[in-house]
Structures are given as C-alpha cells and as structure tokens.
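Below are the chains, spelled out letter by letter.
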Amino acid sequence: MVQFHEHIITELLEDPSGGLVVTSAGLGLHKLISSLFLLHHHSQGCLLVLSATPPQKSSILRNYENGLKFQISGEVPNLPSEITSDLPANQRLSLYTSGGIFFITSRILIVDLLTHRLPTTAVAGLVILNAHSLSETSTEAFIVRILRSTNRSLYVRAFSDRPHSMVSGFAKADRTLKCLFLRKLHLWPRFQVYVSQDLEKDPPEVVDIRVPMSTYMIGIQKAVIEVMDACLKEMRKTNKVDVDDLTVENGLFKSFDEIVRRQLDPIWHTLGKRTKQLVSDLKTLRKLLDYLVRYDAVTYLKYLDSLRASESFRSVWIFAESSYKIFEYAKKRVYHFGRSDSGKLGLSKTVSTRKRKLNDNKKDEDQSTSAESRVVLEEVLEEPPKWKVLLDVLVEIQEERDEQASSGEEKDHMGDGDDNGIVLVACKDEYSCMQLEDCITNGSQKVMREEWEKYLLSKVQLQALPKRNAKKAKEPKGFGVLDGVVASAPGKKAELSSISKQEHDALLAAASEVSKRISKDIVGEDDNQKHVDGGDSVKGRGKRQKKKGSASEKTHNDVAPEDNAMEGGCLNEIFLRRQDQGHAESSRETKKIPPVVFYALESDKKILDILKPSTIIAYHPDIAFVREVEIYKAENPSRKVKVYFLFYEDSTEVQKFEASVRRENGAFESLIRQKSLMMIPVDQDGRCLGLDSSNEPQSIISQNLITRKAGGRREAEREMQVIVDMREFMSTLPNVLHQKGMRIIPVTLEVGDYILSPLICVERKSIQDLFGSFASGRLYHQVEMMSRYYRIPVLLIEFSQDKSFSFQSASEIGDDVTPNSIISKLSLLVLHFPRLRIICLHATAEIFASLKSNQDEPDEVKAIRVGVPSEEGVVENDVRAENYNTSAVEMLRRLPGVTDSNYRAIMDGCKSLAELAMLPMERLAELMGGQRAAKMLREFLDAKYPTLL
C-alpha cells in the first residue's frame, strides 16, 4: 500500500459517521477500498457495498485476497460475496446477520428494507462507489435515509474518482454530502502533497515519442475540426446553451455530450429536429477525431461509409462545406481512382501499391483509341504511422536487453529479480489490441491487405442484398454556415455521377476478383491436405499460435528462426519482414522482439499487479492509466519501469490528453473552493441533518389531521400507505413519497404502478416512456386493465421540476387531430376511457396526499391478487366482471343505435342481451333516448338471417 492511502484511511476513520472521498482518476481507488475491507470484523455487523461495476468488483476482490496473505491474525475472514435476487428471502436474512461483506444492488436492498427483511441494526456500514452519479432522489440516498433513521451508529463511506463529474450542476458536492448525511469531504488530487511525494520519489523512466501524421490524416483532422466548429456556431445561435462550454476542446471529451444534454434536458422534448440533430452530429464528429488516431485507414473508411448510408438525409454535418474533404482524404488513404492516360501509364507495380485496370463499359468500342479508355483503381493501403514506430520500439527494447545481458547488467536491470521481460502495450479497445497483435505476428502489410479484402467483400455482400423500391429522396438542405451546397453545371453533375458509378463498379470488380481467389485458395488447401504427410505437426503449430497472452511463456534464445517465425502470440520471439523495403528485408530477418501483452483500457481491468511488466508502451495514452503506472512503480520501488508514450504530433490526441489534465486540476480547484464555503446542517449530536432538514417528514399527515373535535378530542393519527410495484424502484417517486412521510409497501403488481386506495390505481409515465408506450400500444392495454379493476384509474404524467411543463414545442402543435401528435393521442385515449383521470404536475407527492385524504388505505393482499386468476380461473376484484359480462358489454356497444351516451342506460334497464331482444319498441326508445336509435336496433334484431338451400 502506498503511504497516501494510509492517510486517506486515517482521515476516514476519524469521523465515525463516514465521509465522501474524491480522488484523481487512476490513484488506486480499488486498492484503497480493499484495504478498508480488511479492517472490517464480522462482530461489527455486515458491510454492504453499493453501485459497484463488475470490473470494480473483480479488482477489489483480487486486492482483498492479496491483502489477506499478509495478515498476521490466525482467523481468516470470508471473502466478500454478492447478494442477488435469485437468493430466497430467508437466505438473504441469514447473510445479513452473518456480519460479512456483501456486494448488493440498490433495488434489492431498498425492497428488503421496506419489507423489514433486513434488520437495520445488523448493518455496520455502507460503502458507496461512483458517488458522482448520486442525487437527492437516487435510491442510494433513499437507503441511507432509512438506515440513518433507525441506526445511529451506521457509517457511510462514499468514493468517486471523477472530480469533473462532482462539479457538474449547482453545488453537486454539497448536495451529495447532504443526501448521504455526511459532513466530511476528503479531496485527494494528484497535486496533493502526500500524493506527489509518494509518486515522485522514484518515478518510472519516461520516453515521449511524437509520431508525425500522414498528409491525409492532417487533412482529415483539419476538416473535422472545421465542421465541428461550424456545428458549434449553429448551436450558439439557438440561445439555449451556455456558449462558454461550446468549444472545440470541450468537444473532444465524452462529457461534452453530458454538458450539452444537461443544459438542454429541461427543454429537450420541446426542441426542434435541427437542434437535436446538431447535438447528435457533435457526438459523431468527436468519434471521427477519435477513430482517426485509433484505427487503420480501411476501418476508418468503412466507418465513414456506414455514416454516409445511415445519416445521409438527416444529419447536418455531412452538408458542411468541409465535410467532402473528410470522405475524399479517407478514400485516398486506401485507394486512388481515376482514368488512365495512355501516356502516363508508367506507374510501377510494387508490393505496397497495385493497380487494377478495368474495361470501361460506358465507352463505345469504336472509341477504344481514346486516352480515357480505361479506369485505374490503385491500392494505396496507407498504414498507420504508429505501427512502424511500435515495431521499432519493440526491436529497440530487445536490443537494449541483449546488450545488458551481454555486458552483465541483466541482474541490475531486473531489479528485484522477478522480471519476466513482459512488455505491456496499452490500447484503447479490444479491436486495436487484436489488430496490433496480428500486425506484430503476421506483418503490417498482411493486416492491411486482410482489412482491404474484408472491405471489398462487404461491398459484394451489400450488392447481393434485395433492393427495395424506395421513394425518391428529397434534396437535403443544410443550415446556416452548414449549407454546403455548391452550384455546379448540369454537365459537371452528370460527370461526377458517372465517375462515382465507375468507381463503384471498379470496387465491385476488385471484390469479385478477391472472392474468386479466396475460393480457389480454399479448394487448393483442401486438395493439398489430402497429400500432405505430417499434418499433426501443422496442427501443432496452429495450437502454438493460439498461446497468446500466456505470462508463463519464456523467451527462447536458442530456438531456430523458422520456429520462432511460426510461433504466434505476443509472448514469443517474432522475426519481422519488411516486404516493402528490399534492402531492409535482410537486416530485419535477424531482429527479434520481446514478449508482448496487449491490454484494452476500456476493459477497466487492473492487470499491472498481475503481469508485473518492466516496460510499458502507452499506444493510446490515457491520464488514468498513467496514474496507475505511477502507483505500480511506487508500490514496487526496487523494480525498474520504463514507459513509452506514443503520440501523434500536433493531433487532437495530444490536445485531449493535455486538456484532461487541465480539466481535472480545474475541477479540484473548484471543489476546494466549495469545501471552504460549504455549510452542512447538523443536530445537537453533530450528525448531518441531510437535505430539507427544515421540513418535518410528517407535514402531510399533520395537514390532514382534524384537530378540532367536539370536546376538544383529537383524531388519532393515521399513517398514509402507498402500495408500490417492485419495478418502480428504478424511479425517484418512491423516494420522494417516503421523504414526505408516507409508508411505502413494495409488492409485485399486475395492474398499475401505485395503489393509493381500494378505488384509486395510478400508472406512472415519464415523458419519454409516454411516447414509447403510445408507439407500442402498451399504454392502451394498461389503461384498459386499470379501468376493469378500479373505479378511478389515474394516468400520472410525471414532469421533473427542472424541465419545461410541455409535451412538444409550440410549433409542432396543430389544430387538427394527427396520428403523430402526442396531444391527439391523449385526447383519443380519454375519449375511449371516460373514467380515466390524467395528472400532469410536478408536486406528485402532494397530489397523492390530497387524493388519499378521503379514501381508505389500500389492502396489500388484495392489490397483489388484482388481475391474477385463481385456480378456478376467476379473476377477483374485476369491477366490470362483478356487475357485467365483459364480452356481452363489448358486443352491446357494437350494435346499431348503441352509442357511448346510451349503452350504460341500456345495461341498467335490462340484465342480458336476450332480455334486450325481447323489449318492446317503446321501452327501447326510452332506454336509448329516441325513436331513431330504437328503430335501428329493432330492425337489426328482427332482420332475417339469409340461408343457403
């Protein structure tokens, strides 16, 4: 354990109620939490861990197991386990009372608390991860409030390693502390004194390598930034977001989407399509910049083709003035296409570039003497510049090790004598890891060739798909500075279309050639397999190729070069062959590379302590991973660690890395200022009172008490109860209702989401869910079921307090009923179910209290049985089925002359359809409200049924 972790634990233990810890990304938060687990004893009670992601769980458990090895005490505690919904209630109770450490979801825990399956005194404390995602209405805050109210000795320790998320919104850190009933905020940035001393005492050796980008990569980057800037200018014109946040530098981060969406979220459903599309386009452009430095040229072109196919008629950025450069330069990185001049066909055919000459079917045969009689598809297949640099670095590392071994410095290089020689290459994602591994094993040219063939074959597969008779698309238009329409002559437009068609045909012809060659190779391999002896040895080599990532594999210095060349995997010696450089080919043959393991940063797995590499290459530098390397070196001071950083020079990759450091430092400076001005309300014992401490939780109940009675007597207090469906605990409303003093009873309901009384059933819909329920038809069925079993069905359309109180923008509201209008759909729903009541208010808890004021409390047992048929097939509490035959009512409403205004009077006047058919004309006219309706029904009932003789 590093020393500053001990300081953090000491600070946390000083306050018995716990605290909120915010650290810089990558400072070993999982190690800190596992160290806290080691201090827990089962006699204190159980320790519950909330909001942990699967990678966080595995990292904490692994470090906890490692920590147990160094414990001196003879008693070995049980490993932390996970409590899931699959466990029965009695088994969960036994686990709660065992005093162990358990990972649990907030939904399971809150239900067990409300149903009293978990004794609150059995909980010693809570550990909450990812505290930056909490709010006053989150389920975690609900859990803490219930436990704090009955368990005064409970401690809550919350952790976060995303400081920039703790400063988003108004007083985020202050509100998080209050909703968790905490007083202490512990800030541990990278520039903190103890952290700096530990990590800078013996830092790893760092080599910063700046790789120049190719000309086309520079052009693409410049074009994407220009398009992004144009989109940001359009966003500024909306006057709906803070212009200070709309910068290209902020647009490089994923959090930029959160910033814009958070500002637009209150009015998101009222925005026009143009503004929503701009937000989506900024996300796409950020990906284009990221993928440019992450993936190879063919993969990048394939992604652009998918964007052109999916967003061509709805995106805004494609019509920007500079967008054509993105597609053009990306294409030139992969291939060149054009007409060949008879006098300019002297391009040599090399290994790296090949030309395919195809007959131009568009030309007539008598024009074959023309200089433009053929088209040329020249394969470029530009390799990412980092690939060559990575291979050179690996060769350089092996040469340095060989020199040290020959000069007797190997022992000194190994440091603590436990060096396995592994080189760890950190990439952004799994795809990059697999591609780089393939590049080292088989060569960069072969990798690019395979990607190119996959790209061509995808064209053939797309061509083979059945065509639909699609309508002619309308001319798309840009907006403002994004209107990239360039005037061109009709002849020029036709020429461009002709060239595009020829290019497409050339790609299909090349793909057809690749497909034929692959088919021949497969047939040839099958024929050769029949005549080849020693097939076992070939299979054996194939098995050896699959031994990738095995840390136990040793470097074979005495193995033949042929064997090494066939041995795949990043941990074996690989002899590189540069086929594009004839002179360098012979010199490369004798060079080898060290064992290599690739690591995907997005997997969030902590593998430094497992692999214990001596050399690390940050292929895609990440600030959190840099901190992890610093922690790794500080914990292993005797081990020599060398780190290589590979940056594209003058790229957004460098800008993003530097901006992430500035953004983190700025977030901590803001948190430090907030902490100095923070005011946390406490009670007489010094405990935090939480949010809205001035509001008494029993205020609603006290408002509904009748305090004046004859003789001065006061009515006995009645606790309000609300039956809530289990699935509703993903929303914030149960938390709000409990905060207002209502008792929440969680059960599984077949009908409705909230039962307020034996007569009132509520179906809750958020704005987004409302649109989706109308589209799927689910809402109609839900309202129909509520109308069958409850006298007063209620549809609650829940608006957040920070969102505008409207369904759609004013420009989209029309005078007529339209199938796409949400207002029209709601109107039709109310007409079809006249007893349905709709509530659209912010103060939902207050409305529930007023609805319950003159009603009996709901029965939990009856609410569970509503809508569930018994063993005899009878459905209880069916309001319509108790008094009426549901099928007969539906048939009655379809008879001529029967309308919504008179069918109830008909049902009151006769008991069955048979009795209705026997009623005289005068009685029918009385029930149906007129002679005309009665005559229509009588003629229908008396009409003779035609028969076939």
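- An unreviewed UniProt entry lists the chain under the name DNA repair endonuclease uvh1, with Datura stramonium given as the organism.
- Quoted verbatim from the Subcellular location (unreviewed entry) heading of the UniProt record, the comment on the chain is "Nucleus".
- Looking at the Sequence similarities (unreviewed entry) heading of the UniProt record, one finds this comment for the chain: "Belongs to the XPF family."

### A short note on the overall build of the chain
1) Next: The secondary structure content of the chain amounts to 37 helices and 21 strands.
2) Next: The proportion of buried residues among the 949 residues of the chain is 46%.
3) Next: Pairs at least 24 apart in sequence give 74% of the contacts found in the chain among residues at least 6 apart.
4) Next: Carbon and sulfur atoms provide 51% of the accessible area of the chain, an area that totals close to 50,000 Å².

### So, the sheet that holds strand S1 (residues 18-23)
Within a sheet, neighbouring strands are paired by backbone hydrogen bonds and run either parallel or antiparallel to one another.
1) Next: Strands sit in the order S3-S4-S2-S5-S6-S1-S7 across an open sheet of 7 strands; the sheet is parallel. Every interior strand has two partners, whereas the edge strands, strand S3 (81-83) and strand S7 (185-188), have only one. Mean inter-strand twist for the sheet, computed between neighbouring axes without regard to direction, equals 25 degrees.
2) Next: Direction of pairing for S1 relative to S7: parallel, over a ladder of 4 bridges. Its bridge partner being in S7, Leu-20 is matched across the sheet by Leu-185.

### Concerning the packing of aromatic side chains
1) Next: Considering all chains together, one arrives at 15 aromatic pairs under this definition.
2) Next: Ring geometry for Trp-452 and Tyr-455: centres 5.9 Å apart, planes at 25 degrees, overall stacked. With Trp-452 and Tyr-455 both in helix H17 (residues 444-464) and 3 residues apart, the pair spans about one turn of that helix. Pair check on accessibility: Trp-452 and Tyr-455 agree, each one buried.
3) Next: Both rings, one in Tyr-780 and one in Phe-833, keep their centres 5.2 Å apart while their planes meet at 55 degrees; by these two values the pair is tilted. Placement of the pair is Tyr-780 in helix H28 (residues 778-789) and Phe-833 in the loop between helix H29 (822-832) and strand S21 (837-839), with a sequence separation of 53 residues.

### Some words on the sheet that holds strand S18 (residues 754-755)
1) Next: The 6 strands lie next to each other as S17-S16-S18-S19-S20-S21, forming an open sheet whose pairing is mixed. Edge strands, defined here as strands with exactly one partner in the open sheet, are strand S17 (743-747) and S21.

### Considerations on empty space enclosed by the protein
A probe matching the size of a water molecule, rolled over the atoms, marks out where space remains unfilled.
1) Next: Within this structure, the stated rule accounts for 3 cavities of 30 Å³ or more.
2) Next: Gly-26, Gly-28, His-30, Lys-31, Lys-606, Leu-608, Asp-609, Glu-628, Ile-631 and Tyr-632 together form the lining of the largest cavity.
3) Next: Elements with a minimum of two residues in the lining of the largest cavity: helix H2 (29-38), helix H22 (608-611) and helix H23 (623-635).
4) Next: By residue number, the principal contributor to the lining of the largest cavity is H23, which donates 3 residues.
5) Next: Partitioning the lining of the largest cavity into residue classes produces 3 nonpolar, 3 polar and 4 charged.
6) Next: As a volume, the second largest cavity reaches approximately 50 Å³.

### Digging into helix H5 (residues 106-114)
1) Next: Burial analysis of H5 places 8 of its 9 residues in the buried class, which makes it a mostly covered element.
2) Next: Along H5, the residues classified as buried are Ser-106, Ile-108, Leu-109, Ile-110, Val-111, Asp-112, Leu-113 and Leu-114.
3) Next: One or two residues past the end of H5 sits His-116, with phi positive at roughly 60 degrees.

### Digging into the packing of helix H9 (residues 215-237) against helix H13 (residues 323-332)
1) Next: Packing of H9 against H13 brings their axes to within 8 Å, and their N-to-C directions diverge by 160 degrees. Between H9 and H13, the angle is such that the two are roughly antiparallel. Relative to H13, H9 is oriented so that their crossing is left-handed. Contact residues: Tyr-216, Gly-219, Ile-220, Ala-223, Val-224, Glu-226 and Val-227 in H9; Ser-323, Lys-325, Ile-326, Tyr-329, Ala-330 and Lys-332 in H13.

### Re the pattern of salt bridges
1) Next: Taken as a whole and assessed by the stated rule, the structure comprises 33 salt bridges.
2) Next: Ionic pairing is found between Lys-633 and Asp-202, a salt bridge with its closest N-O pair at 2.9 Å. On the criterion of sequence distance, the pair formed by Lys-633 in helix H23 and Asp-202 in the loop between helix H8 (193-200) and strand S8 (205-211) is long-range, its members being 431 residues apart.
3) Next: Taking relative accessible area as the criterion, Lys-633 reaches 4% and is therefore assigned buried.

### A short note on the pairing of S17
Residues in a regular strand point their side chains to alternate faces of the sheet.
1) Next: Counting buried positions over the 5 residues of S17 gives 4, a clear majority of the element.
2) Next: Here 5 bridges tie strand S16 (residues 721-725) to S17, and the two strands are oriented parallel to one another. Pairing of Val-724 across the sheet is with Pro-746, part of S17.

### Observations concerning the confidence of the model for the chain
1) Next: Here the chain averages 76 in pLDDT, and 70% of its residues register 70 or above.
2) Next: Confidence, expressed as mean pLDDT per element, reaches its minimum in the chain at helix H20 (residues 561-566) with 34 and its maximum at strand S6 (residues 155-160) with 94.
3) Next: For residues 413-417, every residue scores under 50 in pLDDT, and the model assigns this stretch 9 contacts once sequence neighbours within four places are set aside.

### Re a negative patch on the surface
1) Next: There is a patch of like negative charges on the surface, built from Glu-396, Glu-399, Asp-402 and Glu-403.
2) Next: Within the secondary structure layout, Asp-402 lies in helix H14 (residues 385-406).

### A look at the environment of Tyr-295
1) Next: Looking at the element boundaries, Tyr-295 is found in the loop between helix H11 (273-294) and helix H12 (297-311).
2) Next: With 137 residues separating them along the chain, Tyr-295 and Ser-432 place their C-alpha atoms 6.9 Å apart.
3) Next: Non-local contacts of Tyr-295, meaning those with residues more than four positions away in its chain, are made with Pro-384, Asp-429, Tyr-431 and Ser-432.
4) Next: Within polar-contact distance, the side chain of Tyr-295 engages the side chain of Asp-429 at 2.3 Å.

### Side note on a positive patch on the surface
1) Next: On the surface, Arg-791, Arg-835, Arg-837 and Arg-904 cluster together to form a positively charged patch.
2) Next: Relative to the helices and strands, Arg-837 resides in strand S21.

### Some details on the pairing of S1
1) Next: Across the 6 residues that make up S1, a large majority, 6, are buried.
2) Next: Residues Gly-18, Leu-20 and Val-22 line one face of S1 and the alternating positions Gly-19, Val-21 and Thr-23 line the opposite face, and both faces are buried.
3) Next: Bridging between S1 and S6 involves 5 bridges; their strand directions are parallel. Along S6, the bridge assignment pairs Gly-18 with Val-156.

### What to know about the side chain of Asn-636
1) Next: Here Asn-636 is to be found in the loop between H23 and strand S15 (642-648).
2) Next: In this structure Asn-636 comes out as buried when scored by relative accessible area, which is 15%.
3) Next: At 2.7 Å, the side chain of Asn-636 forms a polar contact with the backbone oxygen of Tyr-632.

### Structural notes on the nonpolar core
1) Next: Counting 76 residues, the largest nonpolar core has Leu-288, Tyr-300, Trp-317, Ile-326, Val-425, Trp-452 and Ile-617 as its most contacted members.
2) Next: Residues within four places of Tyr-300 in sequence aside, it is in contact with Ile-220, Val-224, Leu-288, Tyr-291, Leu-292, Ile-326, Ala-330 and Arg-333.

### Things to note about the environment of Val-2
1) Next: For Val-2, the location among the structural elements is in the segment before helix H1 (3-14).
2) Next: Here Val-2 falls in the buried class, since its relative accessible area comes to 4%.
3) Next: Residue contacts for Val-2: discarding those within four places in its chain leaves Asp-198, Ile-631, Ala-634 and Glu-635.

### Brief notes about unusual backbone geometry
1) Next: In this structure, Ser-51 is a non-glycine residue whose phi angle is positive, near 65 degrees.
2) Next: A relative accessible area of 23% places Ser-51 in the partly exposed class.
3) Next: With phi around 55 degrees, Asn-130 is a residue other than glycine that occupies positive phi space.
4) Next: For Asn-130, the position within the fold is in the loop between strand S5 (123-128) and helix H6 (139-150).
5) Next: What makes Asn-130 buried here is its relative accessible area of 15%.

### Side note on the environment of Lys-386
1) Next: Residue placement: Lys-386 occurs in helix H14.
2) Next: Lys-386 sits 93 residues away from Val-293 along the chain, and the two C-alpha atoms are 9.0 Å apart.
3) Next: Only 2.9 Å separates the side chain of Lys-386 from the backbone oxygen of Leu-646, close enough to count as a polar contact.

Calculation rules
Residues numbered from 1 in each chain as written. Predicted model: local features only at pLDDT ≥ 70, side-chain atom pairs only at ≥ 80, totals over all residues. Heavy atoms only, no water. UniProt positions renumbered as here; feature names shortened; annotations may be inferred. Helix = DSSP H or I, 4+ residues; strand = E, 2+ residues; numbered from the N terminus. Buried < 20%, exposed > 50% of the residue type's maximum accessible area, 1.4 Å probe, protein only. Contact = heavy atoms within 4.5 Å. Areas by Shrake-Rupley, 256 points an atom, 1.4 Å probe, with all protein chains shown as cover. Pairing = 2+ DSSP bridges. Axes fitted to C-alpha atoms, helices over the stretch in contact; angles between N-to-C directions. Phe/Tyr/Trp six-rings, centres within 6.5 Å; stacked < 30°, edge-to-face > 60°. 1 Å grid on protein atoms, 1.4 Å probe; cavity = no way out; pocket = protein on both sides within 12 Å on 5 of 7 lines; lining within 4 Å. Points joined across faces, edges and corners; volume = space filled by probe spheres on them. Nonpolar A, V, L, I, M, F, W, Y, C, P; charged D, E, K, R; others polar. Parallel < 35°, antiparallel > 145°, perpendicular 65-115°, else oblique. Left-handed = near helix turned anticlockwise from the far one by under 90°. Salt bridge = Lys/Arg side-chain N within 4 Å of Asp/Glu carboxyl O. pLDDT = per-residue confidence, 0-100. Patch = residues over 30% accessible without salt bridge, like charges linked within 9 Å, V, L, I, M, F, W, Y side chains within 5 Å. Lys, Arg positive; Asp, Glu negative; His and termini not counted. Charge placed at Lys NZ, Arg CZ, Asp CG, Glu CD. Polar contact = N/O pair within 3.5 Å; in protein donor to acceptor, adjacent residues only side chain to side chain. Core = buried A, V, L, I, M, F, W, Y, C linked by side-chain atoms within 4.5 Å.

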